[in-house]
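Working through the structure, step by step
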Amino acid sequence: MEAKLKKELGTTVLKSTGHSAGGCISEGQSYDTDNGRVFVKINHKSEAKLMFDGEMASLEAILKTNTVKVPRPVRVIELDNGGCVFVMEHMDMRHLNKYTKHLGEQLADLHLHNKRQLEKLSKEQQTVGKGAGQSEAAAVEKFGFGVTTCCGYLPQRNEWQDDWVTFYAQQRLQHQLNLVEESYGDREARELWAKLQLKIPQFFTGVEIVPALLHGDLWSGNVAEFAEGPVIFDPASFYGHSEYELSIAGMFGGFDRSFYSAYHEKIIKAPGFAERNQLYQLFHYLNHWNHFGGGYRGSSIKIMKNLLK
């Protein structure tokens, strides 16, 4: 692997620094090179390239917003013996502590970025001499993403949709429940979903949803801080409802009151937030069920029952 990395990165030096990290999905290692220190994620699964290509596109999209810090991606490299590595900027990260409030502010800015770009584009189109296509604003009017991204190692269906409720019901929940059906044939889940999918539009009555660029998997294990502020990593991005981002954040803790207060100062809670938060958590419990097994079945079933009350 190291010979391949040297060749692909065009470096004569590739020295391990001893900095390593690992999660449920991939392992990581930092190296010193001719061009500075890099962090290399390694995964030997057959879907590793799809997963890393999606992560690289996610990091690039977040970087372009200039709102919240992410590691700068370098390149995805396929290994000769199978699997893939993803090379990115090395950052000296530590546990999020000092910059929790800043993360709330910057995350809200990330979520508002596309709305502001749409407003800018609309204003330019109304100005004499400025037409569509002449703005530098990369404004997105639909829900989805340009490439497949993976939440964990499971691919997400990111085909563009005009309507958020349709996108979320079909391309997030239905997709996960199809995987549950294939693996477990769970009758109770199937019957609850048949009822719940009919009720989903009710949770969005009167709520205006503008596509927001999301990190997509923002739990405490994917946030940190460095000397200058907060940093987020391991994204599974797409354009969706900003509220979706806060669902997994609330499932596993790690975000204090200052984070939420700072966030909601910029993006006010809309009526029905609590129920929609449960609806968004349902995706993550189903995704965990499909990744890690039946230990997450109970939470998935409980949420569906609660939402049907």
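Heads up: these notes are all about the structure in this document. (Residues numbered from 1 in each chain as written. Predicted model: local features only at pLDDT ≥ 70, side-chain atom pairs only at ≥ 80, totals over all residues. Heavy atoms only, no water.)

1. So, the packing of helix 8 (residues 273-292) against helix 9 (residues 297-308)
- At a minimum axis distance of 9 Å, the contact between helix 8 and helix 9 shows a crossing angle of 155°. Here helix 8 lies roughly antiparallel to helix 9, going by the angle between them. The handedness of the crossing between helix 8 and helix 9 comes out as left-handed. Across the interface between the two elements, E275, Q278, L279, Q281, L282, Y285, L286 and W289 of helix 8 pack against R297, S299, S300, I303, M304, N306 and L307 of helix 9.
- Of the residues in the contact of helix 8 with helix 9, the class split is eight nonpolar, five polar and two charged. (Axes fitted to C-alpha atoms, helices over the stretch in contact; angles between N-to-C directions. Helix = DSSP H or I, 4+ residues; strand = E, 2+ residues; numbered from the N terminus. Parallel < 35°, antiparallel > 145°, perpendicular 65-115°, else oblique. Left-handed = near helix turned anticlockwise from the far one by under 90°. Contact = heavy atoms within 4.5 Å. Nonpolar A, V, L, I, M, F, W, Y, C, P; charged D, E, K, R; others polar.)

2. Considerations on the packing of aromatic side chains
- Inspection of the entire model under this criterion finds 20 aromatic pairs.
- The interplanar angle of 40° and the centroid separation of 5.8 Å between the aromatic rings of F52 and F86 together place this pair among those described as tilted. In this pair, F52 is assigned in helix 2 (residues 48-65) and F86 in strand 5 (residues 84-89), connecting sequence segments 34 residues apart. The two residues F52 and F86 agree in class, both being buried.
- Relative to W164, the ring of F143 lies with its centre 5.6 Å away and its plane at 55°, an arrangement referred to as tilted. Taken together, the positions of F143 in the loop between helix 3 (100-125) and strand 6 (150-151) and W164 in helix 4 (residues 164-184) put the pair 21 residues apart, joining distant regions of the chain.
- Since its relative accessible area comes to 4%, F143 is described here as buried. (Phe/Tyr/Trp six-rings, centres within 6.5 Å; stacked < 30°, edge-to-face > 60°. Buried < 20%, exposed > 50% of the residue type's maximum accessible area, 1.4 Å probe, protein only.)

3. Some remarks on helix 8
- Given a rise of 1.5 Å per residue, 20 residues ought to cover 28 Å, and the 28 Å separating the end C-alpha atoms of helix 8 matches this to within 8%.
- With 16 of 20 residues buried, helix 8 lies mostly within the body of the structure.
- Backbone geometry just after helix 8 places G293 at a positive phi near 100°. (Expected span 1.5 Å × (residues − 1).)

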